[in-house]
Amino acid sequence: MQSFHKCTKLVTQCVSSFTLPVVREMAQKSVARATIDKGHSSWDENIRPVYMDAQATTPMDPRVLDKMLPYLGSYYGNPHSRTHAYGWQAEDAVEKARKQIADLVHADPREIIFTSGATESNNLAVKGVARFYGGKKRHVITSQIEHKCVLDSCRALENDGFDITYLPVQKNGMVCLDELDKAFRPDTSLVSIMFVNNEIGVKQRVSEIGSMCRERKVFFHTDAAQAVGKIPVDVNEMKIDLMSVSGHKIYGPKGIGCLFVRRKPRVRVEPIINGGGQERGLRSGTLPTPLIVGLGAACELCGEDMEFDSKHVEMLSKRLIDKITASLGGVTRNGDAVHTYPGCINLSFSHVEGESLLMALRELALSSGSACTSASLEPSYVLRATGSDDVLAHSSIRFGIGRFTTVEEIDYTAEHVIDQVNKLRDLSPLWEMEQEGIDLSKIEWTQH
Amino acid sequence: MARNQLAKLYKQLLEESAKFSDYNFRCHSVRRMKYCYEKHLNETSDEKLEAIVTKAAKDLQVIQRQVVVGRLYAVEHHILDRDPTT
Ligand SMILES: Cc1ncc(COP(=O)(O)O)c(C=O)c1O
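Each value, and the rule that gives it
- Residues numbered from 1 in each chain as written.
- Chains lettered and ligands numbered in written order.
- Predicted model: local features only at pLDDT ≥ 70, side-chain atom pairs only at ≥ 80, totals over all residues.
- Heavy atoms only, no water.
- UniProt positions renumbered as here; feature names shortened; annotations may be inferred.
- Helix = DSSP H or I, 4+ residues; strand = E, 2+ residues; numbered from the N terminus.
- pLDDT = per-residue confidence, 0-100.
- Pairing = 2+ DSSP bridges.
- Right-handed = clockwise from strand over helix to strand, strands pointing away.
- Contact = heavy atoms within 4.5 Å.
- Salt bridge = Lys/Arg side-chain N within 4 Å of Asp/Glu carboxyl O.
- Buried < 20%, exposed > 50% of the residue type's maximum accessible area, 1.4 Å probe, protein only.
- Axes fitted to C-alpha atoms, helices over the stretch in contact; angles between N-to-C directions.
- Buried area = accessible area lost by both parts, 1.4 Å probe.
- Polar contact = N/O pair within 3.5 Å; in protein donor to acceptor, adjacent residues only side chain to side chain.
- Nonpolar A, V, L, I, M, F, W, Y, C, P; charged D, E, K, R; others polar.

Labelled according to an unreviewed UniProt entry, chain B appears under the name Complex 1 LYR protein domain-containing protein, originating from Clavelina lepadiformis. The heading Sequence similarities (unreviewed entry) in the UniProt record of chain B holds the text "Belongs to the complex I LYR family."

If you check an unreviewed UniProt entry, chain A appears there as cysteine desulfurase from Clavelina lepadiformis. Per its UniProt entry, chain A bears the Sequence similarities (unreviewed entry) comment "Belongs to the class-V pyridoxal-phosphate-dependent aminotransferase family. NifS/IscS subfamily." As recorded by UniProt, the Cofactor (unreviewed entry) comment attached to chain A reads in full: "pyridoxal 5'-phosphate".

Listed below in structure tokens is the structure:
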């Protein structure tokens, strides 16, 4: 093992002298991988890693499953059947869930439209509002750090001839309200800005944005997939006109979500899915009763347990950050430290390549950002939008803490991260040079 | 009266929670039961106590059912689960 380390160190040194940064980075990655694969040939298939990816999805709460099971069995009626008890039972269950969701966010049950999840809700809100008012209003405002489904919906609108403003964010990930103020136009129909970011956990000033939009009679949509159920949300106080919610981010089932659509002042939306006219014509298709029951139960539990859950998540979040930063230098937290949801911690470890760290940490289920982009090696567009350079963006890891995370898991995570970061840095000549006080930005790399 | 009933119920709730085969569900349920019990420890209103007892009894049924459901399918053990109950 000693000679293996010596050898990799030599190769690493060699590799780091490539002049082209792209080539250098690629070579460094493959060396790091080779090193890690060697150390981890024996993963026990009978063991589950610690789940630290609560932004990608959450486990379904057993209390939610308990409410769903009867509707996956005996109560199979179509909630739209009006002529018999099977239909009535299902309809009652759907309407109860609609109320549970509405209560959590202080909405009216009639303002809740069921969808397949936040992706569909975001599509419906962004395209639906823009298209409905598209005769006169041709402009939509959003931010550069939105989830891909909002950004892609905006791209689709651009193809239809709409104008989109993609607001930049500040270094801390917050949308600058002055920039928003300047972006409004007489033909702006919609502002779509997310509540809590899924990669860096930043919480936008939703109330202020809501007021600014209401004053200008522009509709305000917020993607609250990472916020509802975890922090208090009040659609009236915050002047939200449309809001997307997802079941599987709040310990509910996958494949269900909803869109809040305000009735007063009325927001009109052009449907994307046409058919039988369910959900006030905004979303046709037979409602999936068991999933809806699950979403309703998940919302009710989030409301009941919010204080209990958030105290726990806050405590664990602080514990993890304190442990890691106490033992490691060169750690940067991405995103604002105050305007944040504590269950989402995004850290960059200088001179450690994020993907290599993830591969080394097989006992932890972690990700370097959103699940949609984690397959590609391109750095996160969210981190780029915050002005983080590519190198630091490449060295980022997201820690997702939730209701079911334990203190023991946090300590285990901290221990393993510290250990692996130290190991990877021991292999990095750049880290060594920096420790010796050499300013890396001043070095001119030469080719052999 | 309701107070004694509550203490007894919480003891059962704790015992039942400890039977979850899933490490995370088990830890969460035990922690939640302790929290709930402490929160309601100083409740004096009989009316409120009775409502709490009713809710706790329902909770107990849910946990009992879900402990059974959780054991229907064998899954890999959590890496930190030193005391698997299955
Ligand atoms: C902020 C945000 N919006 C939207 C989504 C998509 O949600 P869903 O999986 O319900 O379509 C996610 C999760 O992937 C998210 O984090």
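From this point, things continue past the structure.
## A look at the UniProt feature "domain: Complex 1 LYR protein" (unreviewed entry) in chain B
In the UniProt entry, the feature "domain: Complex 1 LYR protein" (unreviewed entry) is given for residues 7-62 of chain B. As a span, residues 7-62 of chain B carries 82% helix and 0% strand, and end to end its C-alpha atoms are 18 Å apart.

## Some words on the confidence of the model for chain B
When pLDDT is averaged across chain B, the result is 91; 94% of the residues are at 70 or more. Confidence metrics for the complex model read pTM 0.89 and ipTM 0.95.

## Examining the pairing of strand E5 (residues 163-167) of chain A
All names here are of chain A. Judged from the five bridges that link them, strand E4 (residues 139-143) and E5 form a sheet pairing that is parallel. Residue pairing across strands places His139 opposite Asp163, the latter belonging to E5. Taking the sense of rotation as the criterion, the β-α-β connection linking E4, helix H6 (residues 148-159) and E5 turns out right-handed.

## So, the confidence of the model for chain A
Within chain A, residue pLDDT values average 90, and 88% of them lie at 70 or more. Under a pLDDT of 50 for its full length, residues 34-39 of chain A has, in the predicted model, nine contacts with residues more than four places off or in other chains.

## Comments concerning the pattern of salt bridges
Residue and element names in this part refer to chain A. As enumerated under the stated definition, the model contains 32 salt bridges over all chains in all. For Arg131, the salt bridge goes to Asp160, with nearest N and O atoms at 3.2 Å. Note that Arg131 is positioned in helix H5 (residues 118-132) and Asp160 in the loop between H6 and E5, a separation of 29 residues in sequence. Judged by its relative accessible area of 31%, Arg131 is partly exposed. One network of salt bridges, in which partners are shared, links Asp61, Arg63, Asp305, Asp309 and Arg403.

## Describing the sheet that holds strand E6 (residues 188-192) of chain A
Residues and elements named next belong to chain A. In spatial order, the strands read E3-E9-E8-E7-E6-E4-E5; together these seven strands make up an open sheet with mixed pairing. Edge positions in the open sheet fall to strand E3 (112-115) and E5, since each of these has one partner strand only. Ignoring which end each strand starts from, the neighbouring axes of this sheet average 20° apart. The sheet strands contacting H5 are E3, E4, E6, strand E7 (219-223), strand E8 (242-246) and strand E9 (257-261), and the helix crosses E8 at an angle near 165°. Where helix H8 (residues 206-215) meets the sheet, it contacts E6 and E7, and its direction lies at approximately 155° from that of E7.

## Focus on the interface of chain B and chain A
Contacts between the two partners involve 22 residues from chain B, matched on the other side by 27 residues from chain A. Carbon and sulfur atoms make up 58% of the surface buried where chain B meets chain A, a total of about 2,300 Å² over both sides. At the surface where chain B touches chain A, the tally comes to three salt bridges. For Asp66(A), the salt bridge goes to Arg65(B), with nearest N and O atoms at 2.7 Å. Remark: the boundary between chain B and chain A carries 14 residue pairs in polar contact (both at pLDDT 80 or more). For the side of chain B that touches chain A, the elements supplying multiple residues, two or more each, are helix H2 (23-40), helix H3 (46-70) and strand E1 (77-78) of chain B. For the side of chain B that touches chain A, the leading source of residues is H2(B), giving eight residues. Its residues placed into classes, the side of chain B that touches chain A shows ten nonpolar, five polar and seven charged.

## What to know about the sheet that holds strand E13 (residues 396-400) of chain A
All names here are of chain A. What the three strands build is an open sheet, ordered E10-E11-E13; its pairing is antiparallel. Strands at the two margins of the open sheet, each flanked by one partner only, are strand E10 (331-334) and E13. Across this sheet, the average inter-strand angle for adjacent strands is 30°, counted without regard to direction. Across five bridges, strand E11 (residues 344-349) lies against E13 in antiparallel orientation. Each residue of the ladder has a partner; that of Leu347, found in E13, is Ile397.

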